[in-house]
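The lines below spell out each chain.
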Amino acid sequence: LVLYINVTNNTTMVNFKLAAAILFSVGATTAWQTSVPSFVATKNVQQNAVVTNSLYQKKNNARSTSLSMVATDPTTEGGMGGGMFTATNAESRRVVPEDVRGRPTMKVVYVVLESQYQSSMTAAVKRINAGSDNMAVECVGYLLEELRNEDAFEQFKKDVEEANIFIGSLIFVQELAEKVIDVVKPRRDELDAVLVFPSMPEVMRLNKVGTFTMKNLGQSKSVISDFMKKKKQDDGSSFEEGMLKLLRTLPKVLKFLPSDKAADARTFMMSFQYWLGGSPENLESLLVMTGQDYVAPIKEAMKGKEKVEAVEPVLLPDKAIWHPVAPDVVFETNAKYFEWYNNEFCPDAGIDPKTAPTVGLVLQKSHINTKDDTHYVSLISELESRGARVVSIYSGGLDFSGPVEEYFYDASGKPIVDTVINLTGFALVGGPASQDHAKASNVLKKLNRPYMCAVPLVFQSFEEWQASELGLHPIQVALQVSLPEIDGAIEPIIYAGREGATGRSVPLADRVNLLADRAMKWANLRAKPVAEKKIAITIFSFPPDKGNVGTAAYLDVFDSIKAVLGQLKTEGYDIGDAPMEKEAIMEAVLNDPEARISSPELNVAYRMSTDEYYELTPYAKDLEENWGPAPGNLNSDGQNLVVYGKQFGNVFIGVQPSFGYEGDPMRLLFAKSASPHHGFAAYYTYLEKIFEADAVLHFGTHGSLEFMPGKQVGMSGTCYPDRLINSLPSAYLYAANNPSEATIAKRRSYSATVSYLTPPAENAGLYKGLKELKELISSYQGLRENEGRGPAIVNSIVSTAWTCNLDKDIADLPDLETYDAKNDTPERRDDIVGKVYAQIMQIESRLLPCGLHTVGVPPTAEEAVATLVNIAQLDRPEDEIESLPRVIAASVGRDINEVYRGNNAGVLDDVELNTKVVEASRAAVRALVDQSTDSEGRIKEVKSVFDDIGAAFGGMMGQKKPYTQAIIDAGFPNVDESRLSNLIGYLEFCLKQIVANNELGGIMELLNGEFLMPAPGGDPIRNPDVLPTGRNMHALDPSAIPTQAAIEVSNDVVRKLLEKLADDNGGDYPESIAFTLWGTDNIKTYGESLAQVLALVGVRPVPDSLGRVNKVELIPLEELGRPRIDVVVSCSGVFRDLFINQMNLMDRGIKLAAEADEPLDQNFVRKHAIEQAEELNVSVREAAARVFSNSAGSYSANVGLAIENGGWEDESQLQDQFLTRKGFAFNADKPGMMEQQADLFKSALKTVDVTFQNLDSSEISITDVSHYYDSDPTKVVQGLRDDKKKPMSLMADTTTANAQVRSLSETVRLDARTKLLNPKFYEGMLSTGYEGVREIQKRLRNTMGWSATAGEVDNFVFEDANSVFIDDPEMQQRLLDTNPNAFRDMVTTFLEANGRGYWDTSEENIERLQELYAEVEDRIEGV
């Protein structure tokens, strides 16, 4: 990134990359601050701020202190109704000279992303108009986001038409950058000067100062780039530091260049420095210098007059410590700062420097330059009034790591801060344009203190933000929430905004208080003696029932609590008389783990009177609208509110209450979710104000706190997650494979997440008839030429396949009554056997997570083999790694993709070869792992095959590596060992990550007030960087998806999908496909399903010049080679929260297709949009809305809740819930809201021919969770279609390298055979005890969910499940003894499946179930 100034042919050219870099690196940290209109009148602030305020008044009465400039939180419902562009307009930034006095007038138009220059620019213009004899200035400024408004955009055009000078800064929003270019570019030659500071490259190309131009960017080798490289080699200085030195030198160098060659370059550089200076004086110099040298009327008028001489820009040091009442503006060493602060300030403020906690703040330099610092002053005074010391640092560049390293340590290298808050809202290193997350997290880990990143409002006024259900603007979420999270930041709390008339920053009082409280609580975790710290462990019960206490995805909750209690005790926490056995801990919380008691109550830890509840819960009255007065009937004994749990010393294990409306059909139907009930609020009031927890540990994936109503991101004081968690530091154990919901927990409940491993996935294996089939096929392979025995074996294979219900999966399986193989050809016999073989191998090789994970217990060697085999099956071209199956297949001259295709088609030889390849892969991985396995079957240390001297000597002697030998022994003697080396090195690295164990360590780091290293969440097989677990999980940069790799995979899936559909429909393509998009799936796959939607419509995503994916373009029909398929996209609430910019992308792409002038038989998007526009009397563009979700702050269709809790009358209720709750449309033309569009949603769904979902991970399949059927619209579409025809239901399965598209019924059968009906699965679950029974029942209930929403569950699934779990008396007894409540639910599910018509069975079976139900009820009630 270098600036190249080339003086040739009187044209000065600049290489953009460096120009932008210099601009960025030097204090352009003003990014993303826009103005807001005036808001509610100032009110008195909290008394505690008054204590320190007198000190601030001493400094400068003219300064706006926190007392005179604090906004209270407006709670009015007014505002812009969720509008996302600011309601301000340019007129507040228009300055017209009152008296021209015959002077020539120049007009300046500026566009900025942030508004903190507004007051300085206005003051500068007024000073010129009052004091200059040579010129007058008319000036008008626009905030970039205002250009979305058509009226504002038209006025902007008019202003630019009349302008002499255009100035732009930080124009980084693609579609708005294009608007600026469209207006300025045609006028560029007429404008006297164009000054563009850091912005998109295409905007930077508009720069023009005399002969200085940036038209030819990056085309010449740069002398300065060589200087920068050398500088780095010489002293290891960072990029930003080198840039700062370079920029400080350049203006001085330019002064000595021949003026006719370098004057224009010098003007540009000086202008840039003036802009960075930011003060009225600096901006006055910028305008005067540019006007007198480049604006023709002014140049003419000044002939013979003396020009105003350019003064040096007034700049602060590039990095320093700042305090609002310090006698010096800034301190360049912390020794000087603390000499003043500890000795003079702290005694006056009543702060004891020896014992006070210290909070480090990271600030933007530009706010200090422009004295726009009221929001900083407010937070500093709030922290100091709580007895904390504050050290506030800034950087001139966008790399804050240098000042952190310099100012947050004492002379001996010991950290002096206890908590750090970044108030810039940016990533620590790199700001909005490019980031170095690894550098940032390493700097923060070295410091090892909690790191919070608070956010100032940018694109909204306070009123708009308050009224907006979405909360924080999507662009700000991407830049100032998502990116800091990748550094390891927590708690994106809004703390400030803009005053509309002046554009100055103003703090938001209640948010500043919350931020100060939470920072102090995190600091307290470090300072408080361990033996005195109180920790609340919160577990979940979902669905609410005694058999479900301790719910968490794939986690053995009580065994894990035992491990955490043991660790707490080891580290000196007071855990009282806590038992150290899993069963005893369960007993204490549940009263009796086997529920042999007369009451269904759990252990009661506390009874809260209603008086105490109302006194301690400030928002209690607000809950009455939904739940009536306390105590209500949830978590209540009729008089008091009841908190369930058990206290051991300073540790409380509590049960979080449920949503409360699970079984209420009316509440489930509401479009927006209800508030928490009184019992839920009382639980968190108890934790914070009665138990007085220092921190809460939420235990497992997941509870209800983070899904309570409120804004998506950027909570206000009226959002329920914010109210509930209040000032409590929260650590949250979350499954590593669920980064999307973990991110919701981070943002909405202010939780630092700790990832835990899901159980390793193993091959499902075969059992009963399926196992017998494999043995028969093995026999056939040896006897296929034997005309006597071969056909007889084929007959047995056909018969057994029918017994195993494989006729549903093999369309042309011969008829059992009429078929005799001896009358068939050998080729046809091979074809039948091949298809049966392909089916059973599909079942056998299906990945199956076995058992449950216990926190702190790493996988065994055997479990590690299972995970590594799956990692080894994927090609990773970006790392030059070939998959193990590819290398093995190549050794016999085959391409693995061809083998997969033949296998899927049932070609016997290919099925056999694929099986051999799989077995050879497993053998090779096992040989690799065996080298590091100890006598206990565990891996303490990974031994590299490349380090072994004996192996090296053996290699010289021609001996093969153990993994190569294993492949040779498996029947592939020609395998090329050299092609395996990259893969094996990678697998060794992955093995180290798999067996690393930091889950307990990660929990303790948070509870001890330390920095927990960040890590991506997702599928460890696709992305092994997810490992090791025990780190602070984050999602990804939303602007990075879909990636090119994801686009390629998705194109392949779309091709297979459309081929399958065309084959099944006489060559006709479907006209419309209903799609479901999930947050976690798109994180794991880097946007594959998102790319599928775009591919179907025939639009391609295009990265912008900074590599961010925020543009789409139509693929021409000739290139597409097929019609554009219409889509109806239902986004999960979590996808909406994380990827609203991608919803914008889809909406824009679909509207492009709808407005394309193309034949309707080649563009089904347009065809349907025209029909719907006519039907609904709207425009085609409005009718093309196809991207739907819940209303902001609501999640799911509640179909899963209804089915899990039995709270539904019939299927029509479930369908109404889906339509009501998911019918909120996203509109890129009005991006600030989710608009209820039920009629449009129904109209779009009416046209659907196919419903489609993606399965991307073996860990979470369609019966593991309720989400998949909750959002399945199959029967909804059937009910809406005019012909009442049920659409086809398909699933794409990309869980292996062999991606396939299957029907939904086929996928349900596959899932049932590999999990619910598979002894390997249910015995694995039962081995974990209480939790295991619940896991089995959950899958049975979810299977019934598919009957309810799609009608795609075969009768045999329920029949076989009944045989396994009910017919067998021994199994019955095990389930009853282990978890009677969950067993009762299982019996209920079978009866309900029969009663609702999903399972046809014998009267004998139903009678047995009814008797069992009565027996279990008596057992639970203690009869």
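Above: the structure in question.
The rules behind these values
- Residues numbered from 1 in each chain as written.
- Predicted model: local features only at pLDDT ≥ 70, side-chain atom pairs only at ≥ 80, totals over all residues.
- Heavy atoms only, no water.
- Helix = DSSP H or I, 4+ residues; strand = E, 2+ residues; numbered from the N terminus.
- Areas by Shrake-Rupley, 256 points an atom, 1.4 Å probe, with all protein chains shown as cover.
- Buried < 20%, exposed > 50% of the residue type's maximum accessible area, 1.4 Å probe, protein only.
- Pairing = 2+ DSSP bridges.
- Axes fitted to C-alpha atoms, helices over the stretch in contact; angles between N-to-C directions.
- Parallel < 35°, antiparallel > 145°, perpendicular 65-115°, else oblique.
- Left-handed = near helix turned anticlockwise from the far one by under 90°.
- Contact = heavy atoms within 4.5 Å.
- Nonpolar A, V, L, I, M, F, W, Y, C, P; charged D, E, K, R; others polar.
- Phe/Tyr/Trp six-rings, centres within 6.5 Å; stacked < 30°, edge-to-face > 60°.
- Lys NZ or Arg CZ within 6 Å of the ring centre and 35° of its normal.
- Core = buried A, V, L, I, M, F, W, Y, C linked by side-chain atoms within 4.5 Å.

### Focus on the overall build of the protein chain
Working step 1: Tallying secondary structure elements over the protein chain gives 58 helices and 38 strands in all.
Working step 2: Looking at the protein chain as shown, the accessible area adds up to about 48,300 Å², and 49% of this sits on carbon and sulfur atoms.

### So, the pairing of strand S37 (residues 1288-1293)
Working step 1: S37 sits mainly inside the fold: five of its six residues count as buried.
Working step 2: As defined by bridge partners, S37 adjoins strand S38 (residues 1300-1303) across four bridges and the pair is classed as antiparallel. When the bridges of S38 are listed, Leu1290 appears paired with Ser1303.
Working step 3: Here S37 folds back onto S38, and the loop between the two strands holds six residues.

### Re the packing of helix H48 (residues 1211-1222) against helix H49 (residues 1238-1245)
Working step 1: Direction vectors running N to C along H48 and H49 enclose 120°, while the axes themselves pass 9 Å from each other. The orientation of H48 relative to H49 falls into the category oblique. The crossing of H48 and H49 is right-handed. Facing H48, whose interface residues are Phe1218, Leu1219 and Lys1222, H49 presents Phe1241, Lys1242 and Leu1245.
Working step 2: A class-by-class count of the residues in the contact of H48 with H49 yields four nonpolar, no polar and two charged.

### Concerning the packing of aromatic side chains
Working step 1: Throughout the structure, instances matching the rule amount to 39 aromatic pairs.
Working step 2: Taken together, a centroid distance of 4.2 Å and an interplanar angle of 5° make the contact between Tyr117 and Trp275 stacked. Of this pair, Tyr117 sits in the loop between strand S3 (105-112) and helix H3 (118-131) while Trp275 is found in helix H9 (residues 259-277), placing the two residues 158 residues apart along the sequence.
Working step 3: By relative accessible area, Tyr117 is classed as buried at 2%.
Working step 4: Measuring from centroid to centroid gives 6.4 Å for Phe153 and Phe156, while their planes differ by 35°, and the two rings are tilted. Remark: Phe156 and Phe153 occur in helix H4 (residues 150-162); sequence separation between them is three residues, near one turn of the helix.
Working step 5: Classification of Phe156 as buried rests on a relative accessible area of 0%.
Working step 6: Connected via pairs of aromatic rings, a cluster forms that spans Tyr117, Phe197, Phe212, Phe268, Phe272 and Trp275.
Working step 7: The ring of Tyr409 has Lys446 lying over it, and the distance from NZ or CZ to the ring centre is 5.2 Å.
Working step 8: Just above the ring of Trp465 sits the side chain of Lys711; from NZ or CZ to the centre is 5.7 Å.

### So, the environment of Val1053
Working step 1: Considering the arrangement of structural elements, one finds Val1053 in helix H39 (residues 1044-1064).
Working step 2: A relative accessible area of 3% means that Val1053 is categorised as buried.
Working step 3: Considered as a pair, Val1053 and Gln1092 are 39 residues apart in the sequence and their alpha carbons are 7.6 Å apart.
Working step 4: Ignoring any residue separated from it by four or fewer positions in sequence, one finds Val1053 in contact with Gln1092, Phe1252, Ala1292, Thr1294 and Val1301.

### A word on the sheet that holds S37
Working step 1: Taking strand neighbours across the sheet as the criterion, the eight strands line up as S35-S34-S33-S32-S29-S36-S37-S38 in an open arrangement whose pairing is mixed. Edge strands, defined here as strands with exactly one partner in the open sheet, are strand S35 (1234-1236) and S38. In this sheet, adjacent strand axes meet at a mean angle of 30° when their direction is disregarded.
Working step 2: Sheet strands touched by helix H44 (residues 1140-1154): strand S29 (1072-1077), strand S32 (1126-1131), strand S33 (1187-1189), strand S34 (1224-1226) and S35. Its angle to S33, the strand with the most contacts, is close to 145°.

### Details of the sheet that holds strand S22 (residues 695-699)
Pairing between the strands of a sheet comes from backbone hydrogen bonds, and it takes one of two forms, parallel or antiparallel.
Working step 1: The strand order across the open sheet formed by seven strands is S19-S20-S21-S18-S22-S23-S24, and the pairing between neighbours is mixed. Two strands lie at the open edges of the sheet, namely strand S19 (604-609) and strand S24 (751-756), each paired on one side alone. Neighbour to neighbour, the strand axes of the sheet diverge by 30° on average, direction disregarded.

### Concerning unusual backbone geometry
Working step 1: The omega angle of the peptide bond from Ala630 to Pro631 is 10°, so this bond is cis rather than trans.
Working step 2: Considering the arrangement of structural elements, one finds Pro631 in the loop between helix H23 (624-627) and strand S20 (640-648).
Working step 3: For the bond running from Thr701 to His702, omega is -10°, close enough to zero to count as cis.
Working step 4: Take His702: it is sitting in the loop between S22 and helix H26 (720-725).
Working step 5: For Asn1198, which is not a glycine, the phi torsion comes out positive at approximately 65°.
Working step 6: Positionally, Asn1198 belongs in the loop between S33 and helix H47 (1199-1205).

### Examining the nonpolar core
Working step 1: If you look at the biggest cluster of nonpolar residues, it comprises 203 residues, and the most contacted ones within it are Ile539 and Met1146.
Working step 2: The element that contributes the greatest number of residues to this core is helix H19 (residues 509-527), accounting for eight residues.
Working step 3: When sequence neighbours within four positions are dropped, the list of residues in contact with Met1146 reads Leu1077, Leu1090, Val1093, Leu1094, Val1129, Cys1131, Phe1135 and Val1187.
Working step 4: Val798, Ile840, Val1248 and Leu1304 belong to the second largest nonpolar core, which has 102 residues in total.

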